[in-house]
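What the coordinates show
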Amino acid sequence: MSRPQATAPPLGAGLAGQGVLVTGAAGAIGSAVAAAFAAAGARVVMHDLNEDALQILADALPGEGHVVVGSDLADVGRHDELVQRAEEAAGPLVALAHVAAVLRRRHDIREVDETDWDAQVDVNLKATFFLNRAFAERLRDAGRPGAVVNFSSQGWWTGGFGGSIVYNATKGGIVTMTRGLARTYAPLGIRVNAVAPGLVDTPMLRDDLPAATLQGLVDQVPLGRIATPEEIAPSVVFLASEHAAYLTGVTLNLSGGWLMY
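First, a word on scope: everything that follows refers to the structure included in this document. Within any chain, residue numbers begin from 1 and follow the written order of that chain's sequence. Residues qualify for local features only when their pLDDT is at least 70, as the model is predicted, and side-chain atom pairs are given and counted only at 80 or more; totals for whole chains, interfaces and linings, by contrast, use all residues. Each side-chain value is derived from all of the structure's non-hydrogen atoms; neither hydrogens nor water enter the calculation.

1. Looking at the overall build of the chain
Selection criterion: Runs of E in the DSSP output that reach at least two residues are strands. Runs of H or I that reach at least four are helices, and both are numbered from the N terminus. In this description the radius of gyration comes from C-alpha coordinates, and the expected globular size is given by 2.2 Å times residues to the power 0.38. Remark: exposure states derive from per-residue accessible area (1.4 Å probe, protein chains only) relative to the maximum for the residue type, with buried under 20%, exposed over 50%, and partly exposed in between. Contacts are residue-level and defined by heavy atoms, with any inter-residue pair within 4.5 Å sufficient. All accessible areas in this document rest on Shrake-Rupley with a 1.4 Å probe, and a residue is counted as covered only by the protein chains that are shown.
The number of helices and strands found in the chain is nine helices and seven strands. For the chain, whose C-alpha radius of gyration is 18 Å, the value lies close to the compact-globule estimate of 18 Å for 261 residues. Taking all 261 residues of the chain together, 49% fall into the buried category. The contacts in the chain between residues at least 6 apart in sequence include a share of 69% that link residues at least 24 apart. Approximately 12,300 Å² of the chain is accessible, and the part contributed by carbon and sulfur atoms is 54%.

And the structure:
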């Protein structure tokens, strides 16, 4: 007698019909993440400064209930309002995928000035803390569990390449912050994890990066190529889903073997 075959739950287990907030959704990775959540049946709240681009994306996503919210993440005093607006538009949120980030390349370290530092630290690190907290405290007040997925980078480990020292300093901070927030909110059933992509084919990667420098980095990747944004997105959905119910404080390495830890 043959055994009945078990049916595996979908990648986005537990996300169908649920509200998910995705920041940086107008970008290459952010839009792929939004599309992956939509494919899992979630109602996606897409956040970015570029609302026109977001609306085009929202209209193209499968499913229904997707909405657009625009604001400046650097204005951390309005993060509580942002989460409230997202819930008013899409219903109770169960996950935050925080993709938004700023990179200012300076190939000569002597050219890094305070404006460069502040622009990247304010959006990449400072805003991550306050948005994570606003989201988690909203869940705390409602007495429900949820998941946060932050975005770090391979540079949290390597220090970065191609004039990105300040950017990658913020990404190292995100790993540490993710661990601290995971410990803080675990008793409430709120999981906080991160992904650390390596080379991903985005305008941010290619902007002001000489082709020879980029190729030298690709040559260090055992899989021998740059990832597409669509190859990063499923890991974000996984960490937000019931499949990752026992994972918190994790930084998932998505570098094609460039780093191994």
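2. Re a nonpolar patch on the surface
To keep things clear, this is the line we draw: The patch calculation keeps residues exceeding 30% relative accessible area without a salt bridge and links them within 9 Å when they carry like charges or within 5 Å when they are nonpolar (Val, Leu, Ile, Met, Phe, Trp, Tyr). When a carboxyl oxygen of Asp or Glu lies within 4 Å of a side-chain nitrogen of Lys or Arg, that pair is called a salt bridge.
A cluster of nonpolar side chains, namely I109, V112 and I165, defines an oily patch on the protein surface of about 260 Å² accessible area. By relative accessible area, which is 58% here, I109 ends up exposed.

3. Structural notes on the side chain of R144
Rules: Here a polar contact means two N or O atoms within 3.5 Å. Within protein one must be a hydrogen donor candidate and the other an acceptor candidate, and residues neighboring in sequence count only if both atoms are side-chain atoms.
Mapped onto the fold, R144 is located in the loop between α4 (114-142) and β5 (146-151). A residue is classified by how much of its surface remains accessible, and R144, at 18% relative accessible area, is buried. Polar contacts involving the side chain of R144 include one to the main-chain carbonyl oxygen of L93, which spans 3.2 Å. The contact partners of R144, leaving out residues within four places of it in the chain, are E87, P92, L93, L139, L188 and I190.

4. Focus on the sheet that holds strand β3 (residues 67-70)
What holds strands together in a sheet is hydrogen bonding between their backbones, with the strands either parallel or antiparallel. Rules: When DSSP finds two or more bridges between a pair of strands, those strands are recorded as paired. Orientation is described by axes fitted as lines to C-alpha atoms, over the contacting stretch for helices, and by angles from 0 to 180 degrees between their N-to-C directions.
Pairing in this open sheet of seven strands is parallel, and the strands run β3-β2-β1-β4-β5-β6-β7 from one edge to the other. Sheet topology places β3 and β7 (251-254) at the edges, where each strand pairs with a single neighbour. The average undirected angle you get between the axes of adjacent strands in this sheet is 20°. Across four bridges, the pairing between strand β6 (residues 190-197) and β7 is parallel. Bridged to V195 within β7 is L252.

5. Considerations on the packing of aromatic side chains
To describe a pair of aromatic rings, one takes the distance between the centres and the angle between the planes. Note the following rule: By convention, a stacked pair of Phe, Tyr or Trp rings (six-membered ring in the case of Trp) has centres within 6.5 Å and planes under 30 degrees apart, an edge-to-face pair has planes over 60 apart, and any other such pair is tilted.
Summed over the entire model, instances satisfying the criterion amount to five aromatic pairs. Pairing F161 with W258 gives two aromatic rings, centres 5.4 Å apart and planes at 20°, and the pair type is stacked. With a gap of 97 residues between them, F161 in the loop between α5 (155-158) and α6 (165-185) and W258 in the segment after β7 connect regions that are remote in the sequence. Classification of W258 by relative accessible area gives buried; the value is 12%. Chaining the aromatic ring pairs together yields one cluster made of W156, W157 and Y261.

6. What to know about helix α1 (residues 28-39)
Let me state the cut-off plainly: By definition here, a helix of n residues has an expected span of 1.5 Å times n minus one.
Here α1 is twelve residues long and its end C-alpha atoms lie 17 Å apart, about the 16 Å a rise of 1.5 Å per residue gives. Within the sequence span of α1, burial applies to I29, G30, A32, V33, A34, A36, F37 and A38. Packed against the buried residues of α1 are β1 (19-23), β2 (43-48), α2 (51-60), β4 (93-98), β5 and α9 (229-240). Phi turns positive one or two residues past the end of α1, at G41, with a value near 95°.

7. Notes on the pattern of salt bridges
Throughout the structure, instances matching the rule amount to nine salt bridges. Notably, a salt bridge pairs R104 with D116, separated by 3.2 Å at the nearest N-O pair. One end of the pair, R104, is in the loop between β4 and α4; the other, D116, is in helix α4, and twelve residues separate them in sequence. Note that E231 is salt-bridged to R225, the shortest N-O span being 2.8 Å. You can call E231 partly exposed: its relative accessible area is 37%. A cluster of three or more residues bridged by salt bridges with shared partners is formed by E87, R138 and R144.

8. Side note on the packing of α4 against α6
Put simply, the rule is: In these notes the angle categories are as follows: under 35 degrees is roughly parallel, over 145 is roughly antiparallel, 65 to 115 is roughly perpendicular, and the rest is oblique. The handedness criterion is simple: a crossing whose near helix is rotated anticlockwise from the far helix by less than a right angle is left-handed, and one whose near helix is rotated clockwise is right-handed. Residues are grouped as follows: Ala, Val, Leu, Ile, Met, Phe, Trp, Tyr, Cys and Pro are nonpolar; Asp, Glu, Lys and Arg are charged; every other residue, Gly included, is polar.
Contact pair α4 / α6: the axes reach a minimum separation of 9 Å and the direction vectors enclose 15°. The orientation of α4 with respect to α6, classified from their angle, is roughly parallel. Between α4 and α6 the crossing geometry is right-handed. Taking contact as the criterion, the partners of W117, Q120, V121, N124, L125, T128, F129, N132, R133, A136, E137 and R140 in α4 are, on α6, V166, Y167, T170, G173, I174, M177, L181 and Y185. Within the contact of α4 with α6, the residues separate by chemical class into eleven nonpolar, six polar and three charged.

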